[in-house]
Amino acid sequence: MSVVTTSTSTITSTIPSSLSGSAGAATVRAAEECTAPADCPGCTSAPLPVLGRDVRVPLVTGGEVGYAALDYAASAPALQRVWDDIAAYAPYYGSVHRGAGYLSQLSTDLFEQSRETVAGFLGCRPDDELIFTRSTTDSLNLLAAALPAGTRIYVFDTEHHAALLPWQRAEDARVEYLPAPRTPEQAVASLDVALHGAPKGPKLVCVTGASNVTGEIWPVRELAAAAHRHGARIVLDAAQLAPHRPVDVTALDVDWVAFSGHKLYAPFGAGVLAGRADWLRDAEPYLAGGGATRKVARSGDELLVEWNSGTARHEAGSPNVIGAYAIASACKALTEAGFDSLVTRERELLDRLRDGLADLPEVRVLSLFGAGSARVGVLSFVVQGWNSSHLAAALSAEYGIGVRDGLFCAHPLVRTLLDTEPDEPGECGAPDAAPGERSLNAVRVSFGAGTPEEHVDRFLGAVRTLVREGAAWRYRTEGGRCVPVR
Ligand SMILES: Cc1ncc(COP(=O)(O)O)c(C=O)c1O
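Residues numbered from 1 in each chain as written. Predicted model: local features only at pLDDT ≥ 70, side-chain atom pairs only at ≥ 80, totals over all residues.

**Some remarks on the packing of helix α5 (residues 184-196) against helix α6 (residues 220-229)**
Just so we agree on the cut-off: Only the stretch in contact is used when fitting a helix axis, every axis being a line fitted to C-alpha atoms; angles between N-to-C directions are given from 0 to 180 degrees. Strands are runs of DSSP state E lasting at least two residues, helices are runs of H or I lasting at least four, and both sets are numbered from the N terminus onward. Roughly parallel covers angles under 35 degrees, roughly antiparallel covers those over 145, roughly perpendicular covers 65 to 115, and oblique covers all other angles. Helix crossings fall into two classes, left-handed where the near helix is turned counterclockwise from the far one by less than a right angle and right-handed where it is turned clockwise. By the convention adopted here, residues are in contact when the distance between their C-beta atoms, placed from the backbone, does not exceed 7 Å. Amino acid classes used here: Ala, Val, Leu, Ile, Met, Phe, Trp, Tyr, Cys and Pro are nonpolar; Asp, Glu, Lys and Arg are charged; the rest, including Gly, are polar.
Axis separation between α5 and α6 bottoms out at 9 Å; the angle between their running directions is 10°. On the basis of the axis angle, α5 is roughly parallel to α6. Taken as a pair, α5 and α6 cross one another with a handedness that is right-handed. Touching A187, V188, L191, D192 and L195 of α5 are E222, L223, A226 and A227, all from α6. Broken down by class, the residue content of the contact of α5 with α6 amounts to 7 nonpolar, no polar and 2 charged.

Right under this line is the structure:
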């Protein structure tokens, strides 16, 4: 028996020494052993090794190529480190907060340690609560369900649907949708004006840290100051910010933060809501069920329920210990890698990407705040004469590059950026249609700490060839997707 140290934490309970030091490493390929083929030069040049970097995919034109994952904003690949930590723990997996057995105690320890690690990563205040959820969507719906009666919500119509839609379901709530600002200063001024005229009572502002469409960084600290000046609270949707920049709730002075594990290199079905305890404490439990209750008794036709306080109140059901531990492991890996160097490298890749696209006059990069604004590694664009779905399909089928096309679950924002009307078709366009000057949807390319330079270069080369020479294959629409004709 021995104490086992995984990269995230020491599992203080004793577990068999057979695990010590090597578990996980035996079943997964370490970064140095990458057997990527010769057509993947520099594929190990990324700061943090991720799974899937040596995966090869077939090309419609014949042969195969190393897959270039450039859709991190949707779901980032798992960090090798996260996978190793999970593999080391997996044999010791057990129920959380429920079992008398040794592995249940160990798993409960690990789950609670993970909560502390993530709270540290987020710079939480001592009396904040951190609840493990399924995702950002789940976290924001939880908060929406916990709002005091009559809360007024202020949200820009540029938000991802996960941050735009939950509020109108909140009981008794009134939502004010603020128009798309064209500069960060305008965002702050517009919020200031809206809150200035707000009636008394609870108020909540919801804002993204970085746009999932443009990658542009929002002035979170200034928006938080504006919210607090008018007695409102603020929740930060950090789904796109947390994988790219430090998110410190104390320094930013936001009341809550939400993010998803699968965008933070920890794709095991968990997310986070962290922040002020009071509204959460006073709310009905988000889900009714085991774990959220202290006592349940039947009295005639009624059940008398005493609900738990604290995090347990909103974590009914068996907790996702693997998901929580994976997030903690990713937080640790990002912290150790150092955001300073990650950000510097991300800027270099972004500059390379933008310079390459700027060489193509047919390409228009979408931006709300203008070319000089700060961004994370997320960029959307349209190409004159191309339907975006067609371009994305050709990038995949002919070059093995995975990007995303559509309206990115931010329909009002993309329509604003493309200057299209709400009743025009979006999401999947019509690839068979004659090439037009205006695309009804966009292509998004996004990357992160696992992206080698080669992927960005291959992407630029592919876009250049497609724009100048056209696709080498024919495509059609099938089930709403653009696919190669076979
Ligand atoms: C800015 C932003 N917020 C929220 C979400 C929702 O995240 P999830 O699908 O993990 O709930 C996303 C997902 O793309 C996002 O980009």
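Next, the rest of the story.
**Quick word on the site of the ligand**
Our working rule: Should the C-beta atom of a residue, placed from the backbone, lie within 6 Å of a molecule or strand, that residue is near it.
Taken together, 14 residues surround the ligand, and among them S135, T137, N212, A239 and S260 come closest. When residues of the shell around the ligand are traced back to their parent elements, those giving at least two are α3 (136-145) and α4 (161-164). Its residues placed into classes, the shell around the ligand shows 4 nonpolar, 9 polar and 1 charged.

**What about the environment of E398?**
Inclusion rule: Counting other C-beta atoms within 10 Å of a residue's own tells you its class, since 20 or more makes it buried, 12 or fewer makes it exposed, and anything in between is partly exposed; those C-beta atoms are placed from the backbone.
Tracing the backbone through its elements, the reader meets E398 in helix α11 (residues 388-399). Exposure remark for E398: the 19 C-beta atoms within 10 Å place this residue in the partly exposed category. The spatial distance from the C-alpha of E398 to the C-alpha of W473 is 7.9 Å, given a sequence separation of 75 residues. Excluding residues within four positions of it along the chain, E398 makes contact with L59, V60, T61, A471, A472 and W473.

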